[in-house]
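Here is what each chain is made of, one letter per residue.
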Amino acid sequence: MTSYGSSSAASSGSRTNGLAIASLCCGIIGLFLLNIVLGPLAIVFGVIARRQASVKNGGGMATAGIVLGVIDVVLWLVLLAVAASNGGMSWYVGG
C-alpha cells in the first residue's frame, strides 16, 4: 500500500529555481505596475538564477525574466521621456 506524497516524481529533485520564478513574475507584473522597481529586481533575480541554472532547473524562466526586466526599464524610460516632452507631470487636484 502506497502513501500519498511519496511518488518518485516528487522526490526526484527536479525542482525549478525559485529565483527564476521570482524573476519571471517580477518581469510580468512590472509590465503593468511599478516597472522601475520590479524591472531591476527581475534582472537581478534572473542573473542570479542563470548562475545557479547548472544546479537547478529554470534557466529559460530566468532568461525570460531578464528580458522582461530590461523591457520594464526601457518602458519606464519611454514613459519618462513622454512625460518630459509634454511639459512634465502636474499633480493638480481640482477644486
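Reference entry: report on the structure contained in this document.

Reading the values: the criteria
- Residues numbered from 1 in each chain as written.
- Predicted model: local features only at pLDDT ≥ 70, side-chain atom pairs only at ≥ 80, totals over all residues.
- Heavy atoms only, no water.
- Helix = DSSP H or I, 4+ residues; strand = E, 2+ residues; numbered from the N terminus.
- Buried < 20%, exposed > 50% of the residue type's maximum accessible area, 1.4 Å probe, protein only.
- Areas by Shrake-Rupley, 256 points an atom, 1.4 Å probe, with all protein chains shown as cover.
- Axes fitted to C-alpha atoms, helices over the stretch in contact; angles between N-to-C directions.
- Parallel < 35°, antiparallel > 145°, perpendicular 65-115°, else oblique.
- Left-handed = near helix turned anticlockwise from the far one by under 90°.
- Contact = heavy atoms within 4.5 Å.
- Nonpolar A, V, L, I, M, F, W, Y, C, P; charged D, E, K, R; others polar.
- Expected span 1.5 Å × (residues − 1).
- Arc of directions from axis to C-beta.
- Polar contact = N/O pair within 3.5 Å; in protein donor to acceptor, adjacent residues only side chain to side chain.

Structural notes on the overall build of the protein
Here comes step 1: A tally of helices and strands in the protein yields 3 helices and 0 strands.
Here comes step 2: Put simply, the protein has 95 residues, and 21% of those count as buried.
Here comes step 3: Carbon and sulfur atoms form 69% of the exposed surface of the protein, whose accessible area is close to 6700 Å².

Quick word on the packing of helix H1 (residues 18–30) against helix H2 (residues 35–51)
Here comes step 1: Interaxial distance between H1 and H2 falls to 8 Å at its minimum, and their mutual angle equals 155°. Taken as axis vectors, H1 and H2 run roughly antiparallel relative to one another. Note that H1 runs across H2; the crossing there is left-handed. Contact residues: H1 offers Leu19, Ala20, Ala22, Ser23, Cys26, Gly27, Ile29 and Gly30, while H2 offers Asn35, Leu38, Leu41, Ala42, Phe45, Gly46, Ile48 and Ala49.
Here comes step 2: Residues that form the contact of H1 with H2 fall into these classes: 11 nonpolar, 5 polar and no charged.

A closer look at H1
Here comes step 1: Taking 1.5 Å per residue, 13 residues should reach 18 Å; H1 reaches 18 Å between its end C-alpha atoms and fits that length.
Here comes step 2: All of the buried residues along H1 are Ala20, Ser23, Cys26, Gly27 and Gly30. The buried residues of H1 occupy an angular sector of 130° when projected down its axis, which confines them to one face.
Here comes step 3: Sitting at the head of H1, Asn17 places a side-chain oxygen 3.1 Å from the backbone nitrogen of Leu19.

Topic: the side chain of Asn17
Here comes step 1: Mapped onto the secondary structure, Asn17 falls in the segment before H1.
Here comes step 2: Look at Asn17 and you get buried, because its relative accessible area is 4%.
Here comes step 3: Here Leu19 takes part through its backbone nitrogen, which lies 3.1 Å from a polar atom of the side chain of Asn17.
Here comes step 4: In contact with Asn17, other than residues within four places in its own chain, are Ala49, Gln52, Lys56 and Asn57.

Things to note about helix H3 (residues 59–85)
The α-helix winds at 3.6 residues per turn, so residues separated by three or four positions along the chain end up facing the same way.
Here comes step 1: In this model H3 runs 39 Å from its N-terminal to its C-terminal C-alpha over 27 residues, within 8% of the 39 Å that 1.5 Å per residue would give.
Here comes step 2: Among the structural elements, H1 and H2 are those in contact with the buried residues of H3.
Here comes step 3: Following H3 by one or two positions, Gly87 adopts a phi angle in the positive range, close to 90°.

Details of the packing of H1 against H3
Here comes step 1: For the pair H1 and H3, interaxial distance at closest approach is 8 Å and the crossing angle is 30°. As the angle between them shows, H1 and H3 are arranged roughly parallel. The way H1 lies across H3 gives a crossing that is left-handed. The segment H1 lies against H3, with Ala20, Ile21, Ser23, Leu24, Cys26, Gly27, Ile28 and Gly30 engaging Met61, Ala62, Ala64, Gly65, Ile66, Leu68, Gly69 and Asp72.
Here comes step 2: Classifying every residue of the contact of H1 with H3 by side-chain character gives 10 nonpolar, 5 polar and 1 charged.

Geometric descriptors of this kind do not, in isolation, establish any biological role.
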